Amino acid sequence: MNLIPIDDPQDPRVAAYLDIRERDLVGRHGRFVAEGKVVVDLLLSTGRFAAASALILENRLAGVQGILRKAPPDFPVYVAAGEVMDRIAGFHMHRGILAVGIRGAPAPAEILVETLPRRALAVVLVGISNHDNMGAIFRNAAAFGADAVLLDRTCCDPLYRKAIRVSVGAALKVPFAFFGDTAALTATLDRLGFSQFALSPGGTTDIRTAQNSARLALYLGAEGEGLSQDLLARLRTVRINMAEGFDSLNVAAALAIALHHFSNR
């Protein structure tokens, strides 16, 4: 392994890791941060995103050597003591395992759906702006074998550090892409033979009676607002029945129920 000791928090080689929380807000110009043993392992093993480097707390190095060997031999592994690492990150890094990934050029959702297999399950998100929900959605998508997550431009970034962490690295595994025009996406999915269900508390069909199909897209909106009335009018609506007088199911929990019902995995 290409181990590189770091004893100066201002060392330019670890500039990508400086003030992590501030960078979360202002962006990383085509980079993202993977945090924790499981997440870094997925970054290095799935090959979906390239990794630029890792920053490891010196007393955690022995426990992650097997993971780091999945990277090329010249992959930079910066190693720092606790005080130095905390000063680099700007807060106490109790996990002590970080890596910087490279986003690459994003493909639009209309291109991604063209590549999906003959039997495919897609998740379509509209207006999901909470990073905890986004991470949980991706975790559910991976757990139940969804083939893609498609996001409208008002959704938050699945590669935001917190979203990746909550997803337990699933955001690095499940293919995703953004779309701008919801009507155009529904038309594309229809052309490609997808049945399209919109999840809504007021849906006309009980999910337990909704029939699966070889190609299916599940639409979810933000908590509270939900999906627009125009979109609900264009799609078949499906509901998850709940106790009388209470219809507030977390969006990620609703997706988990729907994926469990419709997944062929």
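Scroll up for the structure.
Residues numbered from 1 in each chain as written. Predicted model: local features only at pLDDT ≥ 70, side-chain atom pairs only at ≥ 80, totals over all residues. Heavy atoms only, no water.

Participant: Residues and numbers for the overall build of the protein, please.
Facilitator: Within the protein, the regular secondary structure consists of ten helices and twelve strands. Radius of gyration (C-alpha) of the protein: 20 Å, near the 18 Å computed for a compact globule of 265 residues. With the principal axes as the frame, the protein shows a C-alpha extent of 60 × 40 × 30 Å. The long-range fraction of contacts in the protein, counting pairs at least 24 apart against all pairs at least 6 apart in sequence, stands at 78%. (Helix = DSSP H or I, 4+ residues; strand = E, 2+ residues; numbered from the N terminus. Rg over C-alpha atoms; globule rule 2.2 N^0.38 Å. Contact = heavy atoms within 4.5 Å.)

Participant: Lay out the environment of valine 126 with the relevant residues and their values.
Facilitator: Turning to its location among the elements, valine 126 is positioned in strand S6 (residues 120–126). Taking relative accessible area as the criterion, valine 126 reaches 17% and is therefore assigned buried. Placed 102 residues apart in sequence, valine 126 and serine 228 show a C-alpha to C-alpha distance of 9.1 Å. In this structure, valine 126 is in contact with Asp152, Thr154, Cys155, Phe179, Leu220, Gly221, Ala222, Leu227 and Leu231, ignoring residues within four places of it in sequence. (Buried < 20%, exposed > 50% of the residue type's maximum accessible area, 1.4 Å probe, protein only.)

Participant: Talk me through a nonpolar patch on the surface; I want residue IDs and the actual numbers.
Facilitator: Side chains of Met242, Leu249 and Ile257 sit close together on the surface and give an oily, nonpolar patch of about 200 Å² of accessible area. Relative to the helices and strands, isoleucine 257 resides in helix H10 (residues 251–262). (Patch = residues over 30% accessible without salt bridge, like charges linked within 9 Å, V, L, I, M, F, W, Y side chains within 5 Å. Areas by Shrake-Rupley, 256 points an atom, 1.4 Å probe, with all protein chains shown as cover. Salt bridge = Lys/Arg side-chain N within 4 Å of Asp/Glu carboxyl O.)

Participant: Which residues make up the side chain of arginine 161, and what values do they have?
Facilitator: Within the secondary structure, arginine 161 is located in helix H7 (residues 161–166). A polar contact is formed between the side chain of arginine 161 and the side chain of aspartate 24, at a distance of 2.9 Å. Among residues more than four places away in sequence, those in contact with arginine 161 are Ile20, Arg21, Asp24, Val33, Glu35 and Phe91. (Polar contact = N/O pair within 3.5 Å; in protein donor to acceptor, adjacent residues only side chain to side chain.)

Participant: Could you give me a rundown of the sheet that holds strand S9 (residues 195–199), with the residues and numbers involved?
Facilitator: The parallel open sheet is built from seven strands, whose spatial order is S8-S7-S6-S11-S9-S12-S10. Only two strands of the sheet have a single neighbouring strand rather than two, namely strand S8 (176–179) and strand S10 (205–206). As paired elements, S6 and strand S11 (residues 215–221) share seven bridges and run parallel to each other. Residue pairing in the sheet places leucine 121 in a bridge with leucine 216 of S11. The strands touched by helix H6 (residues 131–143) within the sheet are S6, strand S7 (148–152) and S8, with S7 carrying the most contacts at an inclination of about 155 degrees. (Pairing = 2+ DSSP bridges. Axes fitted to C-alpha atoms, helices over the stretch in contact; angles between N-to-C directions.)

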